Amino acid sequence: MAEIKLEKIQKSFGDFTAVRSSSFTINDGEFFVLLGPSGCGKTTTLRMIAGLELPTSGTMLLDGEDVTFKRASQRDIGFVFQMFALYPHMKVWENIGFPLKCEGLAKAEIRQRVEEVAKLLRIEHLLDLGVGGLAGGDSQRVALGRAIVRRTAKAFMMDEPLGALDTEFRHLMCTELRGLHDRIKATTVYVTHDQVEAMAMADRIAVMNHGVVDQIGTPQEIYDRPLTVHVAAFIGSPAMNFLRFKGTVEAGQTSVRMNGSAEVAVPKLHEGVRDGELSLGVRSEHITLTSEGGVRGEVYGAEYMGTTQIVTINTHHGQVKARIPSDVKVTTGESVGLNFQNERLVMFDMTSGKALRSDLYEGVKHV
Ligand SMILES: Nc1ncnc2c1ncn2[C@@H]1O[C@H](COP(=O)(O)OP(=O)(O)OP(=O)(O)O)[C@@H](O)[C@H]1O
Ligand SMILES: [Mg+2]
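Residues numbered from 1 in each chain as written. Chains lettered and ligands numbered in written order. Predicted model: local features only at pLDDT ≥ 70, side-chain atom pairs only at ≥ 80, totals over all residues.

So, about the overall build of the protein chain. A count of helical and extended segments in the protein chain gives 8 helices and 21 strands. Projected onto its principal axes, the C-alpha coordinates of the protein chain cover approximately 75 × 45 × 35 Å. Counting every position in the protein chain, which comprises 367 residues, the buried fraction comes to 40%. Sequence-distant contacts in the protein chain: of pairs separated by 6 or more residues, those separated by 24 or more amount to 65%. (Helix = DSSP H or I, 4+ residues; strand = E, 2+ residues; numbered from the N terminus. Buried ≥ 20, exposed ≤ 12 C-beta atoms within 10 Å, placed from the backbone. Contact = placed C-beta atoms within 7 Å.)

Note that strand S17 (residues 308-315) and strand S18 (residues 318-325) share 8 bridges and pair antiparallel. By the bridge assignment, Thr 312 is partnered in S18 with Lys 321. (Pairing = 2+ DSSP bridges.)

Bridge count for strand S1 (residues 4-13) against strand S4 (residues 57-62) is 5 bridges, and the pairing is antiparallel. Looking across to S4, one finds that Lys 5 is bridged to Leu 61. For S4 and strand S5 (residues 65-66), the ladder comprises 2 bridges, and the chain directions are antiparallel. Residue pairing in the sheet places Leu 61 in a bridge with Asp 66 of S5. Between S4 and S5, which pair antiparallel and follow one another directly, the connecting turn spans 2 residues, one of which, Asp 63, has a positive phi of 50°.

For the rest of this paragraph, the subject is the domain arrangement of the protein chain. Here the protein chain is partitioned into domain 1 (4-224) and domain 2 (230-361). A separation of 38 Å is found between the C-alpha centroids of domain 1 and domain 2. Each partner contributes residues to the interface: domain 1 has 7 residues there, and domain 2 has 5 residues. Of all elements in the fold, only strand S9 (204-209), strand S10 (212-217) and helix H7 (219-224) reach the threshold of two or more residues within the side of domain 1 that touches domain 2. (Domains from an automatic or database assignment.)

With that out of the way, let us pick up the sheet that holds strand S3 (residues 31-35). Pairing in this open sheet of 6 strands is mixed, and the strands run S6-S7-S8-S3-S9-S10 from one edge to the other. At either margin of the open sheet sits one strand with a lone partner, and together these are strand S6 (77-80) and S10. Averaged over all pairs of adjacent strands, the angle between their axes in this sheet comes to 15°, without regard to strand direction. Strand direction decides the pairing type here: S3 and S9, joined by 4 bridges, are parallel. The partner of Val 33 across the bridge, within S9, is Ile 205. The strands that helix H4 (residues 136-148) touches are S6 and strand S7 (155-159); relative to S6, the one it contacts most, it runs at about 170°. (Axes fitted to C-alpha atoms, helices over the stretch in contact; angles between N-to-C directions.)

This next bit is on the site of ligand 1. Residues in contact with ligand 1, as listed here, are Phe 13, Ala 18, Gly 36, Ser 38, Gly 39, Cys 40, Gly 41, Lys 42, Thr 43, Thr 44 and His 193. Ranked by the residues each element gives to the shell around ligand 1, the list is headed by helix H1 (residues 42-50), at 3 residues. Looking at the shell around ligand 1, its residues break down into 3 nonpolar, 7 polar and 1 charged. (Near = placed C-beta within 6 Å. Nonpolar A, V, L, I, M, F, W, Y, C, P; charged D, E, K, R; others polar.)

In structure tokens:
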């Protein structure tokens, strides 16, 4: 198994830069997720790691060895594609065992190894069938099986392997894939644009945007302490709220006054902005409603979620979604105040798109 290190990796297609100077290390045995919207450069990054695409500049190290100019076949990396292609004329077990056949293993040994993998993926009963009639989920399991059957692979690359599945089955496969990883502990790089999937599966996530890695961290770090507006808006459902206002904030400040609203305590700021477009970032579950005081707003509607409800409130600073217990009565048009869990608040400079450093961010590494 392997540690993967990218140093200033860049990829351009003509004069378009798909991946811009990425530097990060994927630890040995880690389940690492590349997350971001369509076109942000996830597949391109993955293909460069696998050796299917040469970087325009930068260096790729596999266990300390420079593999930048090594072909995919020399890197020992297993790859599961977005569009999984099985060999239609082969049976399930032959599909899974194909990489072993290429390595020249004897038929009996191939069959035995395929059976082990099939057991992990719970498809033992399908081994002697053709692949033509398989349901989508089973085809995907076969494709996964083919990727993991080579135990010598140093790492596995998975490009939206669950993309073609329906929601319920996807969820099940997420759990299975993560369970599989916990058993084989192989370094895995997993691409998805689905933040729920990323949060559920990753040891660490790299959030990408327009070819740039915005932030790398554990799911909790990224959720609680987003470094950019993009990360804050991309992660969580509902996404983080942004209460917008114009003004000046200074390093050392422990509260902000948004024009026209009550003063709000915030984690001590380490940097400031003069006459800027600012936002107070707050997660929906860090808001409580009060009849008196707080940042005032008017209830626009409520969405029942079971134990909680998402209440939409119009304020001077934009629309805000609050997640509160569903037994709290709210009425459309009612005037309410918002109180926050102040130690969780994030200040954003909307011009740079970055979070201002504060006590909340102690220990968080900038990319
Ligand atoms: N061979 C290529 N030639 C030209 N442009 C390319 C090529 N491959 C990718 N691109 C462009 O690079 C950008 C990043 O593509 P990439 O496939 O890495 O995105 P992605 O994050 O995987 O997106 P998706 O979620 O849609 O799969 C896109 O704008 C894409 O059009
Ligand atoms: Mg892609």
